[in-house]
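Observations on chain architecture
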Amino acid sequence: MRPFAYQKAADVSAALQTLAAPAAADTSPTDAAAQPLAGGTTLIDLMKLDVMRPRMIVDINPLASAWSAVDVRSDGLRLGALARMSDVAANPEIEKNYPVIADSLKLAASPQLRNMATLGGNVLQRTRCSYFRDIGYDACNKRRPGSGCAAMEGFNRNHAVLGASDQCIATYPGDFAQALIALDATVEIAGRAGTRRLPFAQLHRPPGSTPHIETTLAPGELISGFAIAGRWPRSLYLKARDRQSYEFALASAAIALDIVDGTVRDARLALGGLATLPWRARAAEALLQGQKLDDALARRVADAALSGAVARQHNGFKIALGKRVVTRALHQAATLEI
Ligand SMILES: Cc1cc2nc3c(=O)[nH]c(=O)nc-3n(C[C@H](O)[C@H](O)[C@H](O)COP(=O)(O)OP(=O)(O)OC[C@H]3O[C@@H](n4cnc5c(N)ncnc54)[C@H](O)[C@@H]3O)c2cc1C
Ligand code: SF4
C-alpha cells in the first residue's frame, strides 16, 4: 500500500476545501489528490489493491452529526449520506413505508460491512470487474484510459448486458441505487459554492468513451443526502445471486407499484446486476400504467425491460435470469399485504 496523508474533517467547509485540492499531474484520471473516507469498506480495499491511489484521505465521519439523520415525514423521506446501511435497513418506518429501500440494503454485503458502510459510499462504490481490481491486467479503460478492455474477450460472466459501450462492459455493483432511481430520488450535493440537488438518475454516467468518469460529481464535491417524495409501501427489491450469503447481484429488480381496485396507477421498475449503471426500465413501466397485472402482462413487462440487452460470451444467461427476476418481483409486489 502506498503512503498517504490522513486528515479528519473539522467541519463541512474544511472538508470541501481540502477535497478541492487539484490532482497532481501523475495522478490517475479517476483519482482525486484527496479522497473522502466514509465507512472505508470499498476505498481502503481499492487502495490496498493499488487501484485507487489518493495522496490524502479526508475522513468525513466527523460530519455524521449533520449528515446521518433518517427523517421519515408525511410527504416523503430524507436520508443523510453518512447514515449506516444497517441503521437504515432496520428502521421500522423505512421497512413499512419504503420496503424497497430496506430490502436493497439488507440484501447487500454482510452484517459487518453494513454496520460500517454508509449510504453515500454505497452509491459511489466502484465496479467489481476483476480486471479493474487486478492491476496485473494492463487493459482496463476504467483504470487506465485508452488501454483497452480485458473483459470484452475475457471471462465476462458478471458483466453488463445493458448500457455497455465498446470501451467498457463493467456492471454497476450496488443494490441501494436501484431503489433510489426507482423512487425518483434526488441527491443532495455539497460543494464550495453551496448545496445543489440533482435527480439521482443523473448522478451516474454511462461508460461511453470515458468509462473512468463514473459520475457527474465535480471534483471535491460531497454527497450530503438523498430525498424521496411520497411513500411507497407496495415496493420491494428482489435479488438473484450466486449464494444467499453476502454476494453481489447477478440480476435484481427494484419495484414500486401503486394499485387501486386492481388497476396499476403508477409503476416504477429499476434493474441491478445487469447494467453499467443504475438502470430505470421506463418503457417497461409504461406497459403497466392503467392495466390489471396478470402473468401475461408481467411477461411482456419483463421482455420490455430486457429489450436491447446484448450478451457477451459468458453472460447471456443474465437476460433470461433478469426476465425471471422481473416477473417474480412484479407478482410479489402485486400480492404484498399492505
Ligand atoms: C465482500 C463485500 C461484499 C459486498 N457486497 C455488496 C452487495 O451485495 N451489494 C452492495 O450494494 N454492496 C456490496 N458491497 C459494497 C459495500 O456495500 C460498499 O463497500 C459500501 O457500501 C461503501 O460504503 P462506505 O461508506 O464504506 O464507502 P467508502 O469505502 O468510504 O467510500 C466509497 C467511495 O465513495 C466515496 N465517498 C464516500 N462517501 C462519500 C460522500 N458522502 N460523498 C462523496 N464521496 C463519498 C469515497 O471516496 C470512495 O471513493 C460489498 C463489499 C464487500 C467488501
Ligand atoms: S469492463 Fe470496464 S472495468 Fe472491466 S476491464 Fe473492461 S474497461 Fe476495465
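Let us look at the structure shown here. Every value quoted in this text rests on a predicted model; they were computed, and no experiment measured them.

Thoughts on the sheet that holds strand S3 (residues 56-59)
The sheet built from 3 strands is open, its strands ordered S1-S3-S2 with parallel pairing. Only two strands of the sheet have a single partner each, and these edge strands are strand S1 (5-8) and strand S2 (34-37). In this sheet, neighbouring strand axes are inclined to one another by 25° on average, regardless of whether the strands run parallel or antiparallel. Two elements, S2 and S3, share 4 bridges in a ladder whose sense is parallel. Looking at the pairing, Leu37 lines up with Asp59 of S3.

Some words on the pattern of salt bridges
Following the criterion strictly, the structure yields 20 salt bridges and no others. With a closest N to O distance of 3.3 Å, Asp184 and Arg268 form a salt bridge. With Asp184 in the loop between helix H10 (176-182) and strand S6 (186-191) and Arg268 in strand S11 (residues 263-272), this residue pair connects regions lying 84 residues apart in the sequence. Residue Arg268 is classed as buried on the basis of its relative accessible area, which comes to 12%. Across the pair Asp258 and Arg265 runs a salt bridge, and its minimum N-O distance is 3.0 Å. The network of salt bridges with shared partners includes Asp184, Asp266, Arg268, Arg280, Arg282 and Glu285.

Things to note about the site of ligand 1
Taken together, 31 residues are adjacent to ligand 1, and Pro36, Thr41, Thr42, Thr118 and Asp175 come closest. One of the side-chain N or O atoms of Thr118 is found 2.7 Å from an oxygen atom in ligand 1. With respect to ligand 1, the side chain of Asn122 contributes an N or O atom lying 3.1 Å from an oxygen atom. In isolation ligand 1 exposes 980 Å². Once the protein is present, 94% of that is buried. If you list the elements that add at least two residues to the shell around ligand 1, you get S2, helix H2 (43-48), helix H8 (119-123) and strand S8 (222-229). Looking at the shell around ligand 1, its residues break down into 16 nonpolar, 11 polar and 4 charged.

A few points about the nonpolar core
Leu79, Ile101, Leu119, Val123, Phe176, Phe200 and Phe226 are the most contacted members of the largest nonpolar core, which totals 40 residues. At the level of secondary structure, the elements contributing two or more residues to this core comprise strand S5 (76-80), helix H4 (85-89), helix H6 (99-106), H8, H10, S6, S8 and strand S10 (251-260). Of the residues forming this core, the biggest block, 6 residues, is contributed by H10. Dropping the residues within four chain positions of it, Ile101 is found in contact with Leu77, Leu79, Val88, Ile94, Phe176, Ala179, Leu183 and Ile228. Residues Leu250, Ala251, Ile255 and Val325 belong to the second largest nonpolar core, which totals 32 residues.

Remarks on the side chain of Asn156
Its place among the elements puts Asn156 in the loop between helix H9 (130-133) and H10. Overall, Asn156 belongs to the buried group, its relative accessible area being 0%. Polar contacts involving the side chain of Asn156 include one to the main-chain amide nitrogen of His314, which spans 3.0 Å. Leave out the neighbours within four places in its chain, and Asn156 touches Ala151, Ile169, Arg312, Gln313, His314 and Asn315.

Examining the sheet that holds strand S12 (residues 279-280)
Hydrogen bonding along the main chain pairs the strands of a sheet, whether they run parallel or antiparallel. The strand order across the open sheet formed by 4 strands is S9-S10-S11-S12, and the pairing between neighbours is antiparallel. Lying at the two open borders of the sheet, with one neighbouring strand each, are strand S9 (235-240) and S12. Summarising the sheet, S10 and S11 pair through 9 bridges and their orientation is antiparallel. Of the residues in S11, the one forming a bridge with Ile259 is Val264. The sheet strands contacting H6 are S9 and S10, and the helix crosses S9 at an angle near 25°. In the packing of helix H13 (residues 317-334) onto the sheet, contacts are made with S9, S10 and S11, and the angle to S10 comes to roughly 30°.

Points about the environment of Phe132
Counting through the fold element by element, Phe132 comes out in helix H9. The spacing of Phe132 and Val51 is 81 residues in sequence and 7.7 Å in space, taken between C-alpha atoms. Those residues in contact with Phe132 that lie beyond four places of it in its chain are Leu46, Val51, Arg126, Thr127, Cys140, Lys142 and Arg143.

Definitions and cut-offs
Residues numbered from 1 in each chain as written. Chains lettered and ligands numbered in written order. Predicted model: local features only at pLDDT ≥ 70, side-chain atom pairs only at ≥ 80, totals over all residues. Heavy atoms only, no water. Pairing = 2+ DSSP bridges. Helix = DSSP H or I, 4+ residues; strand = E, 2+ residues; numbered from the N terminus. Axes fitted to C-alpha atoms, helices over the stretch in contact; angles between N-to-C directions. Salt bridge = Lys/Arg side-chain N within 4 Å of Asp/Glu carboxyl O. Buried < 20%, exposed > 50% of the residue type's maximum accessible area, 1.4 Å probe, protein only. Near = heavy atom within 4 Å. Polar contact = N/O pair within 3.5 Å; in protein donor to acceptor, adjacent residues only side chain to side chain. Areas by Shrake-Rupley, 256 points an atom, 1.4 Å probe, with all protein chains shown as cover. Nonpolar A, V, L, I, M, F, W, Y, C, P; charged D, E, K, R; others polar. Core = buried A, V, L, I, M, F, W, Y, C linked by side-chain atoms within 4.5 Å. Contact = heavy atoms within 4.5 Å.

No statement about biological role is implied by the geometric values presented.
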